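Here's the letter readout for the chains.
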Amino acid sequence: MSFPDNFLWGGATAANQYEGAYLEDGKGLNTSDVLTNGSHTEARKVTWIDKRTNEKGYTPVLWGEKFEMPEGVTPAVLDDAYYPSHTATDFYHHYKEDIALMAEMGFKVYRLSINWARIFPNGDDEQPNELGLEFYDKVFDELKKYGIEPLVTLSHYETPLNLSIKYGGWIDRKLINYFERYSKVVIDRYHDRVKYWLTFNEINAMDLAPYIAGGVLNPTPQNRAQAAHNQFVASAKVVKLAHKIDKEIKVGQMLAFQPLYSYTCDPVDQVKIMELNQKMLFYSDVQTGGKYPEYRWKQYEREGIILEDSPEDYEILAKYSADFLSFSCYGSSVFTTHQKEAENSGNLGANGVKNPYLETNAWGWATDPECLRIALNTLWDRYHKPLWIVENGIGWADVLEDGKIHDDYRVKYLKANIKSMKDAIELDGVDLLGYTMWGCIDLVSAGTGEMRKRYGFVYIDRDDQGNGTLKRIPKDSFYWYKKVIQNNGSEF
C-alpha cells in the first residue's frame, strides 16, 4: 500500500512563533514573551529585573547547556530588547487569510497551539478569559468552513509567566491542577470541532531546555526530573478528562526524535548511542508506554533524585497513556567518544559529529533521506501505537526575487522525506496517521529567534528586527505541495 486514502496532509505552527498580539484582548505574559531574538551564533536570552535594586539583565538560553538565573531576579519585558513573539507573523490578525492559503494548498489538517496565557492570563486564574476563547472559536470555525481538521497542542513551548515566577514552573505539582483546569475548559469548548489533541510539545526538551519546555527557572537535575514527572501526570489526566468529555477524542504525545548514528564501530560508541536513545525514549516510554523504564529509575538512584509522587500517579500513567505518538524529526545526528578523531577529520558539528555522507545547510542541518523511515520503524516497533509526523522541515534564508521565492532546496528536502515515510508505510507496514510540515507559513525560529531562518510554503515580509509589511507570498514549494496533496503522495 501507499499513503492511506484518509492520510492527513498539512502543516504546523506554534502560537509563540506565529500568533503575535502578545497582550491583546486580555492575554497574559508567557515565558516566551521575555525571550529575545538571537542568531545561529548568538543565543536567545531571557530578560529579567532585580526588583530589589532595579538592576536589569539577561540570561542566555542554550539548548543542552547550563541555564542559571541570578538569585532573586524576576523574568520581565525590558524596553530596550526585541521579543519576536510579541508580533511574530501576526496570525492573530491574519488567520482568515492564512487559513485560506492552507485551503488552497489542500490541507487536510492544520496543527496549531492554543496560547495558555490567552485563556488563563496568569495560569492560576479562577475563570478563563472569554475574549481568548472567542479567538479560537473563530479559528476553528474558519478551519471547519474549509474542511480542515485541527490538531491542537495545549502547551507548545510557553508557560504562563506567572506560573514560573510564583511556583518555579513545572517543578511544582500545583501546575498539574492548573493545566488540567485549562485543558478541561478548552476541550469542553471545542470538542465538537477538534478531535485530535497533543498535551506538551517535544516533552523531552525538559532535558535540554527546561525553561523553554516548562518555565523552570532553576533547572537542577532534581527539578528537571520533577517537572517531567508532573507533566507526565498532567498529560495522563488530560487523556482521562478528554475521553470523558467525548469518546471520539484522541490525545497524543509529542516527542522530539531523531535517529542517532555511531561515528565508529567501537563498542564504546555503541553504548553511547544506546544511552542517548534511552534519554530520548524515556519520555515516550512513560507517556505512550505507560510506565517508567528501569534504566531511568537506576539513573535516579545514582544521582540521588527522589520524586515527589504518589501511587496514584503511576496508576493514572498506566491507565491513561497517549492514544497515539506524534513526533518531530528534522534529520539525524552522529555521536562518538572519539571526539579528537572527529575533529581531525573535519567532521565535528554543533550537535555531535558532522555526517560526511549528508548535505548540510547554513544552520548545520543535514538532509537525511532515510531518517523518517528509521524513526517510524523505531517508534512503531517499540510502542505499536499509531504514529504522526507533526514536525519535519528545513530552515533556509529564502530570497525574494521579482516577487517570487524559488525554494527548490526545500522541495528537494521534502521529496527525500516523503519518500522515506512512504517506504515505512509500503515496505514496513507502519501505521502513520498524517504529516504536518513544520512552519507551513513563515514564523519565528524557536531555536534562534530569527525570521531569516524560514521554513514555510508561504513567505511573510518581516525581518529579524521586526520590520516589514507582513504581506503573504506563496513560494514555489507552495504549488509543489499542493500537487502532492492532490495525488495523495503518489507523485512527488
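It should be emphasised that the depicted structure is a prediction, and the values quoted were computed from it without experimental measurement.

Draft legend 1. Representation of the sheet that holds strand S12 (residues 387-391) within the structure. The strand order around the closed barrel formed by eight strands is S1-S5-S6-S7-S8-S10-S12-S13, and the pairing between neighbours is parallel. Averaged over all pairs of adjacent strands, the angle between their axes in this sheet comes to 25 degrees, without regard to strand direction. Lying on the sheet, helix H9 (residues 221-245) is in contact with strand S6 (149-155), strand S7 (196-200) and strand S8 (250-256); it crosses S7 at an angle near 160 degrees.

Draft legend 2. Focus on the nonpolar core. Counting 132 residues, the largest nonpolar core has Trp 197 and Met 421 as the members making the most contacts within it. The greatest single-element share of this core, amounting to 11 residues, is contributed by H9. Beyond its immediate stretch of four places on either side in the chain, Trp 197 contacts Ile 114, Leu 151, Val 152, Leu 154, Val 186, Ile 187, Tyr 190, Ile 249, Lys 250, Val 251, Gly 252 and Phe 324. The next biggest cluster of nonpolar side chains, apart from the first, holds nine residues, and it includes Leu 8, Leu 198, Met 254 and Phe 324.

Draft legend 3. Examining the packing of helix H10 (residues 267-287) against helix H14 (residues 371-383) more closely. Between H10 and H14, the shortest axis-to-axis distance is 11 Å and the interhelical angle comes to 40 degrees. Relative to H14, the element H10 is oriented oblique. Note that H10 runs across H14; the crossing there is right-handed. On the side of H10, the interface is formed by Leu 281, Ser 284 and Asp 285, while H14 contributes Leu 379, Arg 382 and Tyr 383. Grouping the constituent residues of the contact of H10 with H14 by class yields three nonpolar, one polar and two charged.

Draft legend 4. Molecular detail of the state of the cysteines. Evaluation of the coordinates by the stated rule reveals zero disulfides. Not part of a disulfide, Cys 440 finds its nearest cysteine sulfur in Cys 329, a span of 18 Å.

Draft legend 5. Looking closely at the packing of aromatic side chains. In this structure the tally under the stated criterion is 42 aromatic pairs. Arranged with centres 6.3 Å apart and planes meeting at 80 degrees, the rings of Phe 91 and Phe 135 form a pair that is edge-to-face. One end of the pair, Phe 91, is in helix H2 (residues 91-105); the other, Phe 135, is in helix H4 (residues 130-145), with 44 residues separating them in the sequence. Residues Phe 91 and Phe 135 agree in their burial class; the two are buried. Ring plane angle 50 degrees and centroid distance 6.4 Å describe the contact between Trp 116 and Trp 170, whose orientation is recorded as tilted. With Trp 116 in helix H3 (residues 116-119) and Trp 170 in the loop between helix H5 (161-167) and helix H6 (174-190), this pair connects stretches of sequence that are 54 residues apart. Trp 170 shares its class with Trp 116; the two are buried. Following the ring pairs from residue to residue traces out a cluster consisting of Tyr 18, Phe 91, Tyr 92, Tyr 95, Tyr 110, Phe 135, Tyr 136, Phe 140 and Tyr 190. The residue whose ring lies beneath Arg 118 is Phe 135, and the NZ or CZ to ring-centre distance is 5.8 Å.

Draft legend 6. Molecular detail of the side chain of Glu 202. Turning to its location among the elements, Glu 202 is positioned in the loop between S7 and helix H7 (205-208). We note that Glu 202 is buried and unpaired, the nearest opposite charge coming from Arg 111 at a distance of 7.0 Å.

Draft legend 7. Layout of the sheet that holds strand S3 (residues 55-61). Strands sit in the order S3-S2-S4 across an open sheet of three strands; the sheet is antiparallel. Where the open sheet ends on each side, the last strands, each with one partner, are S3 and strand S4 (74-75). Pairing analysis gives two bridges linking strand S2 (residues 44-50) to S4, with the strands arranged antiparallel. Within the sheet, the bridge partner assigned to Ile 49 lies in S4 and is Thr 74.

Draft legend 8. Broad picture of the pairing of S8. With six of its seven residues buried, S8 lies for the most part within the structure. When S7 meets S8, the two strands line up parallel, connected through three bridges. Bridged to Tyr 196 within S8 is Lys 250. Here S8 runs beside strand S10 (residues 324-328); their pairing, made up of five bridges, is parallel. Each residue of the ladder has a partner; that of Met 254, found in S10, is Ser 326.

Basis of the calculations
Residues numbered from 1 in each chain as written. Predicted model: local features only at pLDDT ≥ 70, side-chain atom pairs only at ≥ 80, totals over all residues. Heavy atoms only, no water. Pairing = 2+ DSSP bridges. Helix = DSSP H or I, 4+ residues; strand = E, 2+ residues; numbered from the N terminus. Axes fitted to C-alpha atoms, helices over the stretch in contact; angles between N-to-C directions. Contact = heavy atoms within 4.5 Å. Core = buried A, V, L, I, M, F, W, Y, C linked by side-chain atoms within 4.5 Å. Buried < 20%, exposed > 50% of the residue type's maximum accessible area, 1.4 Å probe, protein only. Parallel < 35°, antiparallel > 145°, perpendicular 65-115°, else oblique. Left-handed = near helix turned anticlockwise from the far one by under 90°. Nonpolar A, V, L, I, M, F, W, Y, C, P; charged D, E, K, R; others polar. Disulfide = S-S within 2.5 Å. Phe/Tyr/Trp six-rings, centres within 6.5 Å; stacked < 30°, edge-to-face > 60°. Lys NZ or Arg CZ within 6 Å of the ring centre and 35° of its normal. Lys, Arg positive; Asp, Glu negative; His and termini not counted. Salt bridge = Lys/Arg side-chain N within 4 Å of Asp/Glu carboxyl O.

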